[in-house]
Amino acid sequence: MLKTHLLDTLSRREPTLWINPRHDMLQETFPPEAVDQAADRFDRAGALLSRTIEVLKGSDGLVESPLLDAEPLRAALDGKGRWLLKADHRMPLAGSVKARGGFHEVLVYAERVAHRLGWDGKDFGELAGDQWRSRFESHRLIVGSTGNLGISIGLLSRALGFKAQVHMSRDASEWKKQLLRDKGAEVVEHSGDYAKAVQAGRREAESDPAAHFVDDERSELLFAGYAVAGRRLAEQLTDQRIEVSRERPLVVYLPCGVGGAPGGITYGLKQVFGDSVHCWFAEPVASPSVLAQLASGLETPVSVYDVGLDNQTLADGLAVAQASMLAATCMASRLAGVFTVADESLPDYLRLAWDKLGERLEPSAAAGFAGPRWLAETEAGRSWCKANEVNLDSATHVLWSTGGGLVPAEVFDEWLQG
Ligand SMILES: *Cc1c(COP(=O)(O)O)cnc(C)c1O
């Protein structure tokens, strides 16, 4: 049950900062070693990815994004400490954070199908050969998505030779649907929201033994793929000689939809940095699904429709009414909290990222920019800092920019006009 005051704030679409009381969750079932396995799989698959993804040709096939200095953005927003942009909008091929989870799950499926067809499992690079591509053609990946997960699954599936079917709500961006069709994926449109699209995909896959359904609401393979980001970020911080400790903590701001991507990343960061990292989720005021779920306990699923919200937001990648229970359960003991963001501020953040950093983001990806202010300039934020001994001046603030890499210029220009 949501407390009356919080329920009122949420239903009035008033931006808010919610601090997680952080109960330990005993019913957590996600196995920590799944993250090691995912990291190892990405390492082994480099040989395949470097041969099938154009921008990775000639590289070792590492799927990773740069960690960029964001000092001009910090200055513009009058922030404290050091600011970095974790530029997942620059993830290869997919242009979003969904490359992390999505590619991992496609690779697991490729491995599984290849083993069934007699592959010895020694050299992933072999699977780039024509004989394997034509065998993969009789297999299909199916996914339901607000857009970016579909692009991640669809584009890598097609690059490896698999068929791909992506279920989307009718109001998902037209350019995302077109891009998928251009790359040879099948797009199925549904009236109704993201959850309806997921449900339809799940049903379609059940009736086809040569299909694999990528379940955004429940998949541990997606979650493990996202979590690999923790050790990758740690390496990048070491390379840039940035110390992380209790005295110089990392504060990370992550846009959140169903909770899988930011949840997996938080899980992986906590594995590496423990109490020296503090993760915050950003959710649109119309779709605070993880906030509502964590604040009401985990016994029964909660939807933002129950709170009287409509789940309509410019941040279409975050338009999710009901949280992933896998993510919510893992976040109960790990997440610092959630802040909500009004749609009106998103075009300003996009403009700042463009003007100050020259980076082209999508609205969902800029939602985290609201975070540092919540901590520095509100009573609730300041008292959280005090209680957790976080000095914002000596912290490293990481804004996770989760998508926008494939957005057409004319669509981006429309957003800038606001
Ligand atoms: C999917 C997505 C998110 C959030 O990920 P969830 O797993 O849905 O919480 C954030 N930003 C962008 C751009 C996304 O596409």
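Residues numbered from 1 in each chain as written. Predicted model: local features only at pLDDT ≥ 70, side-chain atom pairs only at ≥ 80, totals over all residues. Heavy atoms only, no water.

An unreviewed UniProt entry annotates the protein chain as Probable D-serine dehydratase originating from Halopseudomonas xinjiangensis. Quoted verbatim from the Sequence similarities (unreviewed entry) field of UniProt, the annotation for the protein chain is "Belongs to the serine/threonine dehydratase family. DsdA subfamily." Reading the Cofactor (unreviewed entry) entry of the UniProt record for the protein chain gives the comment "pyridoxal 5'-phosphate". (UniProt positions renumbered as here; feature names shortened; annotations may be inferred.)

A. Geometry of the site of the ligand. Among the 16 residues in the neighbourhood of the ligand, the closest are listed as K98, N148, G257, G259 and T402. G257 is positioned such that a nitrogen or oxygen atom in its backbone is 2.7 Å from an oxygen atom of the ligand. Residue G260 places a main-chain N or O atom 3.2 Å away from an oxygen atom belonging to the ligand. Alone, the ligand offers 380 Å² of accessible surface; in the complex the protein occludes 99% of this. Residues that form the shell around the ligand fall into these classes: six nonpolar, eight polar and two charged. (Near = heavy atom within 4 Å. Polar contact = N/O pair within 3.5 Å; in protein donor to acceptor, adjacent residues only side chain to side chain. Areas by Shrake-Rupley, 256 points an atom, 1.4 Å probe, with all protein chains shown as cover. Nonpolar A, V, L, I, M, F, W, Y, C, P; charged D, E, K, R; others polar.)

B. Examining the UniProt feature "domain: Tryptophan synthase beta chain-like PALP" (unreviewed entry) in the protein chain more closely. The positions UniProt marks with the feature "domain: Tryptophan synthase beta chain-like PALP" (unreviewed entry) are residues 63–372. Secondary structure across residues 63–372 comprises 42% helix and 16% strand; the distance between its end C-alpha atoms is 28 Å. (Helix = DSSP H or I, 4+ residues; strand = E, 2+ residues; numbered from the N terminus.)

C. Expanded view of the environment of L85. Secondary-structure assignment places L85 in strand β3 (residues 82–87). In this structure the C-alpha to C-alpha distance between L85 and G257, which are 172 residues apart in sequence, comes to 19 Å. The residues touching L85, leaving out its near neighbours within four places in the chain, are P66, L67, L68, A70, L357, E359, F369, L399 and S401. (Contact = heavy atoms within 4.5 Å.)

D. View of the sheet that holds β3. On the basis of which strands lie adjacent, the open sheet formed by seven strands has the order β1-β10-β9-β8-β11-β3-β2 and mixed pairing. Here the strands that pair on one side only, and so sit at the sheet edges, are β1 (17–19) and β2 (67–69). The mean angle between the axes of side-by-side strands here comes to 25 degrees, regardless of whether they run parallel or antiparallel. The pairing of strand β8 (residues 250–255) with strand β9 (residues 277–284) spans six bridges and is parallel. Note that in β9 the partner of V251 across the bridge is H278. (Pairing = 2+ DSSP bridges. Axes fitted to C-alpha atoms, helices over the stretch in contact; angles between N-to-C directions.)

E. Spotlight on the packing of helix α2 (residues 33–52) against helix α9 (residues 220–227). Axis separation between α2 and α9 bottoms out at 8 Å; the angle between their running directions is 75 degrees. As far as their axial angle goes, α9 and α2 are roughly perpendicular. Mapping the contact onto sequence places A34, V35, A38 and F42 in α2 and A224, G225 and A227 in α9. Looking at the contact of α2 with α9 residue by residue, the class counts come to six nonpolar, one polar and no charged. (Parallel < 35°, antiparallel > 145°, perpendicular 65-115°, else oblique.)

F. Structural view of a negative patch on the surface. Taken together, the side chains of D43, D60, E235 and D239 define an acidic patch exposed on the protein surface. Looking at where D43 falls in the secondary structure, it is placed in helix α2. (Patch = residues over 30% accessible without salt bridge, like charges linked within 9 Å, V, L, I, M, F, W, Y side chains within 5 Å. Salt bridge = Lys/Arg side-chain N within 4 Å of Asp/Glu carboxyl O. Lys, Arg positive; Asp, Glu negative; His and termini not counted. Charge placed at Lys NZ, Arg CZ, Asp CG, Glu CD.)

G. Representation of helix α8 (residues 194–206) within the structure. With 13 residues, α8 extends 19 Å from end C-alpha to end C-alpha; this agrees with the ideal 18 Å at 1.5 Å per step. Of the positions making up α8, those classed as buried are Y194, A197, V198, A200, G201, R202 and A205. (Expected span 1.5 Å × (residues − 1). Buried < 20%, exposed > 50% of the residue type's maximum accessible area, 1.4 Å probe, protein only.)

H. View of the packing of helix α6 (residues 148–160) against helix α7 (residues 174–182). Running from N to C, α6 and α7 point in directions that differ by 10 degrees, and their axes come no closer than 10 Å. Judged by the inter-axis angle, α6 sits roughly parallel to α7. Facing N148, G150, I151, G154 and L155 of α6, the residues of α7 in contact are W175, K176, L179 and L180. The class makeup of the residues in the contact of α6 with α7 is five nonpolar, three polar and one charged.

I. Broad picture of the sheet that holds strand β5 (residues 163–169). An order of β6-β5-β4-β7 is seen for the four strands of this open sheet, with the pairing classed as parallel. The open sheet terminates on both sides in strands that have one partner only, identified here as β6 (186–190) and β7 (211–214). Going from strand to strand, the sheet's axes swing by 20 degrees on average, the running direction of each strand aside. Here strand β4 (residues 140–145) pairs with β5 via six bridges, running parallel. Directly across from V143, in β5, lies its bridge partner V166. In the packing of helix α4 (residues 98–116) onto the sheet, contacts are made with β4 and β7, and the angle to β7 comes to roughly 160 degrees.

J. Molecular detail of the side chain of S303. Inspection of the secondary structure puts S303 in the loop between α12 (289–295) and α13 (325–331). Classification of S303 as buried rests on a relative accessible area of 8%. In this structure the side chain of S303 is engaged in a polar contact, spanning 2.9 Å, whose partner is the backbone nitrogen of Y305. With sequence-adjacent residues up to four places away left out, S303 is seen in contact with A321 and Q322.

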